[in-house]
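Chain by chain, the residues run as shown.
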Amino acid sequence: MVEVRDEPLQRGTPDEVREREGRRIVPHLDGCHVVVLDRSGREYSSEELAVLLQTFEERPPQRTAFVIGGACGVSPDVLQGAGTRLSLGLLTLPHQLARVVLGEQLYRATTILRGEPYHR
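For the structure given in this document, a descriptive report is provided here.

Describing the pattern of salt bridges
Taken as a whole and judged by the stated rule, the model has eight salt bridges. Measuring nitrogen to oxygen at the nearest pair gives 2.7 Å for the salt bridge that ties Glu7 to Arg20. One end of the pair, Glu7, is in the segment before helix H1 (14-25); the other, Arg20, is in helix H1, and 13 residues separate them in sequence. With a relative accessible area of 21%, Arg20 lands in the partly exposed category. Of the charged contacts, one joins Glu7 and Arg24 as a salt bridge, the two residues approaching to 2.3 Å between their closest N and O atoms. Linking Glu7 in the segment before H1 with Arg24 in helix H1, this pair joins segments that are 17 residues apart in sequence. The network of salt bridges with shared partners includes Glu7, Arg20 and Arg24.

In structure tokens form, the structure reads like this:
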């Protein structure tokens, strides 16, 4: 996991904040399948997310990077480089909470793939 510090919101327009954050995120994405959390992305059930993760593991590149934007969202450069856009729903979540929700769903997906009882 790589965490990029939030840009101070008072240091420019939302577009400028997104761009500066994006410049710091992009170098960490090299060689990864990029999944960006974006409310316009596709919603997956837990079972569908498990299948998606399994697909990522079986096809190169086998490293996957999940990107959660800051308070102003994700830069256009990061969005363009995304292989997948994932939505956690139409609600707007603070990025710290989105990280917790994504982490739990990734854990749930791996337990589904291993046939463990957590998901039931």
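Having seen the model, we can carry on.
Things to note about the environment of Arg23
Turning to its location among the elements, Arg23 is positioned in helix H1. As a C-alpha pair, Arg23 and Ser75 span 52 residues in sequence and 8.5 Å in three-dimensional space.

Here's the deal with the sheet that holds strand S2 (residues 63-67)
The three strands are arranged S2-S1-S3 in an open sheet whose pairing can be described as parallel. Each edge of the open sheet is held by one strand with a lone partner, namely S2 and strand S3 (84-87). Strand-to-strand twist across the sheet, computed as the mean angle between neighbouring axes with direction ignored, equals 40°. Relative to S2, strand S1 (residues 32-43) is paired through five bridges, and the arrangement is parallel. Paired with Cys32 across the bridge in S2 is Arg63.

Topic: the side chain of Glu21
When you line up the elements, Glu21 lands in helix H1. Nearest to the buried, unbridged Glu21 among oppositely charged side chains is Arg24, at 5.5 Å. In terms of polar contacts, Glu21 uses its side chain to reach the backbone amide nitrogen of Glu7, at 3.0 Å. For Glu21, the residues in contact, after removing those within four places along its chain, are Asp6, Glu7, Gly70 and Gly73.

Points about the packing of aromatic side chains
In this structure the tally under the stated criterion is one aromatic pair. Both rings, one in Tyr107 and one in Tyr118, keep their centres 4.9 Å apart while their planes meet at 80°; by these two values the pair is edge-to-face. In this pair, Tyr107 is assigned in helix H4 (residues 95-114) and Tyr118 in the segment after H4, connecting sequence segments 11 residues apart. Residue Tyr107 is classed as partly exposed on the basis of its relative accessible area of 42%.

Focus on H1
Spanning 12 residues, H1 covers 16 Å between terminal C-alpha atoms, matching the ideal 16 Å at 1.5 Å per step. Residues of H1 that are buried: Val17, Arg18, Glu21, Gly22 and Ile25. Around the axis of H1, the buried residues are gathered within 130° of arc, so they sit on the same side. Among the exposed residues of H1, those pointing more than 90 degrees away from its buried face are Asp15 and Arg23. Looking at the buried residues of H1, the elements they touch are S2 and helix H3 (76-80).

Parameters at a glance
- Residues numbered from 1 in each chain as written.
- Predicted model: local features only at pLDDT ≥ 70, side-chain atom pairs only at ≥ 80, totals over all residues.
- Heavy atoms only, no water.
- Salt bridge = Lys/Arg side-chain N within 4 Å of Asp/Glu carboxyl O.
- Helix = DSSP H or I, 4+ residues; strand = E, 2+ residues; numbered from the N terminus.
- Buried < 20%, exposed > 50% of the residue type's maximum accessible area, 1.4 Å probe, protein only.
- Pairing = 2+ DSSP bridges.
- Axes fitted to C-alpha atoms, helices over the stretch in contact; angles between N-to-C directions.
- Lys, Arg positive; Asp, Glu negative; His and termini not counted.
- Polar contact = N/O pair within 3.5 Å; in protein donor to acceptor, adjacent residues only side chain to side chain.
- Contact = heavy atoms within 4.5 Å.
- Phe/Tyr/Trp six-rings, centres within 6.5 Å; stacked < 30°, edge-to-face > 60°.
- Expected span 1.5 Å × (residues − 1).
- Arc of directions from axis to C-beta.

In short, geometric facts, not functional conclusions.
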